[in-house]
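Inside the fold
Each chain, letter by letter, is given below.
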Amino acid sequence: MPTSSKKEKMIEGVIPESKAHELLYKMVLTRAFEENAEEMYGLGKVHGTMHLSIGEEGVAAGAGPALRKSDYLLNTHRGHGHFLMWGGDLNRMMAEFMGKEAGYCRGRGGSMHIADVESNNLGAQGIVAGNLPISVGVGLSIQMRKTDQVVLTLFGDGAANEGAFHESLNMASIWNLPVIYLCENNQYAMSMAFERAFRVEQISERASAYGIKGLTVDGNDVVAVYKAVSEAAEQARKGAGPTLIEAITYRWKGHSKSDRQLYRTREEVKKWMEKDPIKRFAAKLDVDEAGLKEIEKKAKEEIRKAVEFAESSPEPDVNTILEGIYA
Amino acid sequence: MRELSYMEALREAMRQAMQKDDRVFLIGEDVGVYGGAFGVSAGLLDEFGPKRIIDTPISEAGIAGACIGAAVTGMRPIGEMQFSDFVVIAMEQLVMQGAKMRFMFGGKAEVPFVMRLAGGSGTGAAAQHSESLENWFVHVPGLKVVMPSSPYDAKGLLLAAIEDNNPIMFFENKVLYKTKGPVPEEMYTIPIGQSHVVREGKDLTVVATSVMVSRAQEAAEQLSQEGIELEIIDPRTLKPLDEKPIVESVIKTGKALIVHEAVKTGGFGGELAAVIMESEAFGYLDAPVKRLAGLDMPIPYNRNLEYHAVPQVENIVEETRKLVKGQY
Ligand SMILES: Cc1ncc(C[n+]2csc(CCOP(=O)(O)OP(=O)(O)O)c2C)c(N)n1
Ligand SMILES: [Mg+2]
């Protein structure tokens, strides 16, 4: 956990107050980014698909920020929030989203593959659970290089049903690797409801199969996630191996752009919208509605500028299409 | 004749097969209430219920294994890989088990399943959702590989595939899903292993697969105005390959251009070129056999780069002109 001056107030004894305000801002920024993304898609300014994390911002706010700059991130397809929380620059992120040369991946990757290798952000993921085995290697490398880094590996409830999940958790556990497995259980894998895809009541129960610690936390409570990730990191840095954290949350929007959401009711969505992680965190920070409005205004302005930056930056040159292809 | 989209044609084939034969069922991710990621199976859950339209967890190896196990014990499964890219996770089951079982067991087992896969680029889905991997399976003895290019072929080939007693990899194309064409209402099959002469012409033979067939047709219209007449052949099934119409066409035209979306190196085009060169058509060639294929690279996200990563109509036109003029 990053150090802070002793006098600073700690939110629920865990997050320094100034940092908490930063996180709140970034949660609002994430939502503004995604609302804008949806709008741009509607206008035909971006193509492909996108996965919005609106309603799930609490997990991102409590995860990356509980770690150090030197740690590693392996993100998911629903990772805009995690990207920003890891310190991603909004302009370059927006440029990537719009497929521009100034983007993090020079417009080659897009939302689903956005990475920033310089900041140990090893990328979003287009293959469900594709990042899980890789985190074993990153953990192994940390162990071999004898650093005290940790890996934060994110995945959804759906990913926990790929074979890769089992192989990864088992290897990380037998070798005591410093991996934090953070499962964002947002109740659905596309149209597949959690209850239809699992016989266990909590994904964290599976930790016992690997002899590691598993816990379930309220993913819409930033502090709960922050605390769980901090503790898992502490364990990992001590050489005590991986932890499986399940963060319970909910995606407000469709899975991607083609989703008619026939698998759930409006009432269910509404019920979860009442548990808005942004409002809940704002309340903890004594930010009232007017204060939140101010923050939203600021975030929207930042988004507007980022769009301007991205729109005015050049398209990749077609003549460079094969650049970087070595085989 | 009534028109259907490629997607509707596929759905109708599945529906009719399931109505006719209780052993047929569909299994895959989000094939039920969602109707499949592209809507191919929309409505089938209502008609056939969750015992025959089976939503799975995200477990591609499991889907493939479920198909193989059910097939070898008397059922006729249709599996779905939501994007053909995800078949990488199911490779062991398909290649080591499904493909080889019949032979390894001395011919005493039959494994009649169809694995449907949504392939191809052009939707901005980037490197991990845009691949064309059909030729991997062409390289595996024991698997048939089918690639329909039109709604008519989609229905007839899928019905033939479901009736077939062996495993079939059925590669659909994402940008074809919404294209329309005439499709008969009754059940009909197109034999697996029969090439289709899509257009007759005297100057050059184009062998094209999947979405490249319609691009070649468009190129042919343009070139026709310049007095160049393309003959277009769609193999429809890459394996088994019906070589005869291809060889005969090249004997007639003396020139061959092979067009596919998959990357060039190690692609099906190499196989087709070899088939032509090993045949009696060799002596009739008056130009090298050429391949026009995807660039040897992952599919980029940027729209413009993505466009240029795979053959387009203008590339076919240009390559043809060069070949006809003897510029190679
Ligand atoms: C191997 C693989 N299978 C299927 C998909 C298609 N797909 C993308 S995201 C997704 C659902 C993932 O669910 P979950 O892991 O719960 O994450 P969420 O989308 O809910 O955040 C599916 C089926 C994929 N990208 N990769
Ligand atoms: Mg989920």
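Residues numbered from 1 in each chain as written. Chains lettered and ligands numbered in written order. Predicted model: local features only at pLDDT ≥ 70, side-chain atom pairs only at ≥ 80, totals over all residues. Heavy atoms only, no water.

Bringing the site of ligand 1 into the picture now. H77(A), R78(A), G126(A), G158(A) and E60(B) are the nearest of the 22 residues found near ligand 1. Site remark: ligand 1 is flanked by residues from chains A and B. Between A159(A) and ligand 1, the recorded distance is 3.1 Å, taken from a backbone N or O atom to an oxygen atom. Within the backbone of Y188(A), an N or O atom sits 2.8 Å from an oxygen atom of ligand 1. Residue composition of the shell around ligand 1, grouped by class: nine nonpolar, eight polar and five charged. (Near = heavy atom within 4 Å. Polar contact = N/O pair within 3.5 Å; in protein donor to acceptor, adjacent residues only side chain to side chain. Nonpolar A, V, L, I, M, F, W, Y, C, P; charged D, E, K, R; others polar.)

Residue and element names in this part refer to chain A. Taken as a whole and assessed by the stated rule, the structure comprises 35 salt bridges over all chains. The salt bridge partner of E38 is K257, with a shortest N-O separation of 3.6 Å. Taken together, the residues E38 in helix α1 (residues 17–42) and K257 in the loop between β9 (243–248) and α9 (266–273) connect sequence positions 219 residues apart. With a relative accessible area of 23%, E38 lands in the partly exposed category. Taking the relative accessible area as the measure of exposure, K257 reaches 29% and is therefore partly exposed. For D148, the salt bridge identified is with R68, shortest N-O distance 2.9 Å. Of this pair, D148 sits in the loop between α5 (131–145) and β4 (151–156) while R68 sits in the loop between α2 (57–63) and β3 (72–74), and the two are 80 residues apart along the sequence. (Salt bridge = Lys/Arg side-chain N within 4 Å of Asp/Glu carboxyl O. Helix = DSSP H or I, 4+ residues; strand = E, 2+ residues; numbered from the N terminus. Buried < 20%, exposed > 50% of the residue type's maximum accessible area, 1.4 Å probe, protein only.)

This part is about helix α11 (residues 289–312) of chain A. With 24 residues, α11(A) ought to run about 34 Å at 1.5 Å a step, and its terminal C-alpha atoms sit 34 Å apart, in line with that. Where α11(A) is concerned, the buried positions are L292(A), I295(A), A299(A), I303(A), A306(A), V307(A) and A310(A). (Expected span 1.5 Å × (residues − 1).)

Now for the coordination of the magnesium ion (ligand 2). Residue and element names in this part refer to chain A. Bound to the magnesium ion (ligand 2) are the protein donor atoms D157 (OD), N186 (OD1) and Y188 (O), situated 2.0 to 2.1 Å from the metal. One chain supplies every donor to the magnesium ion (ligand 2), and in sequence these donors are spaced D-x28-N-x1-Y. Note on accessibility: N186 and Y188 belong to one class, buried. (Donors = N, O, S within 2.8 Å, 3.2 Å for Na, K, Ca; no water.)

Residue and element names in this part refer to chain A. Where α5 meets helix α6 (residues 163–174), the axes come as close as 8 Å, and the angle between the chain directions of the two elements is 15 degrees. When the interaxial angle is binned, α5 and α6 end up roughly parallel. When the axes of α5 and α6 are compared, the crossing they make is left-handed. Contacts between α5 and α6 involve L132, P133, S135 and V136 on the former and, on the latter, A164, F165, S168, M171 and A172. For the contact of α5 with α6, the residue count by class is seven nonpolar, two polar and no charged. (Axes fitted to C-alpha atoms, helices over the stretch in contact; angles between N-to-C directions. Parallel < 35°, antiparallel > 145°, perpendicular 65-115°, else oblique. Left-handed = near helix turned anticlockwise from the far one by under 90°. Contact = heavy atoms within 4.5 Å.)

Contacts between the two partners involve 33 residues from chain B and, on the opposite side, 42 residues from chain A. Carbon and sulfur atoms supply 61% of the area that chain B and chain A bury against each other, a total of about 3,000 Å² over both sides. Between R196(A) and D55(B) there is a salt bridge; the shortest N-O distance is 3.0 Å. Sorting elements by how many residues they give to the side of chain B that touches chain A places helix α11 (residues 303–309) of chain B first, with six residues. Looking at the side of chain B that touches chain A residue by residue, the classes come out as 17 nonpolar, 10 polar and six charged. (Buried area = accessible area lost by both parts, 1.4 Å probe.)

Time to look at the confidence of the model for chain B. Of all residues in chain B, 100% attain a pLDDT of 70 or more, and the chain-wide mean is 98. Listed scores for the predicted complex are pTM 0.97 and ipTM 0.96. (pLDDT = per-residue confidence, 0-100.)

As a further point, take the domain arrangement of chain B. All names here are of chain B. Taken domain by domain, chain B holds domain 1 (3–182) and domain 2 (196–324). With 27 residues of domain 1 at the contact, the number on the domain 2 side is 24 residues. A combined buried area of about 2,000 Å² lies between domain 1 and domain 2, and 54% of that area is made up of carbon and sulfur atoms. Inspection of the region where domain 1 meets domain 2 yields one salt bridge. In this structure, D153 and R236 form a salt bridge, with 3.3 Å as the shortest nitrogen-oxygen distance. When residues of the side of domain 1 that touches domain 2 are traced back to their parent elements, those giving at least two are α6 (134–138), β6 (144–146) and α7 (151–163). (Domains from an automatic or database assignment.)

All names here are of chain B. The strand order β3-β2-β4-β5-β7-β6-β12 describes an open sheet built from seven strands, whose pairing is mixed. Only two strands of the sheet have a single partner each, and these edge strands are β3 (53–55) and β12 (237–239). Geometrically, the sheet is characterised by an average inter-axis angle of 20 degrees between neighbouring strands, direction not taken into account. Relative to strand β7 (residues 168–173), strand β5 (residues 114–119) runs parallel, the two sharing six bridges. (Pairing = 2+ DSSP bridges.)

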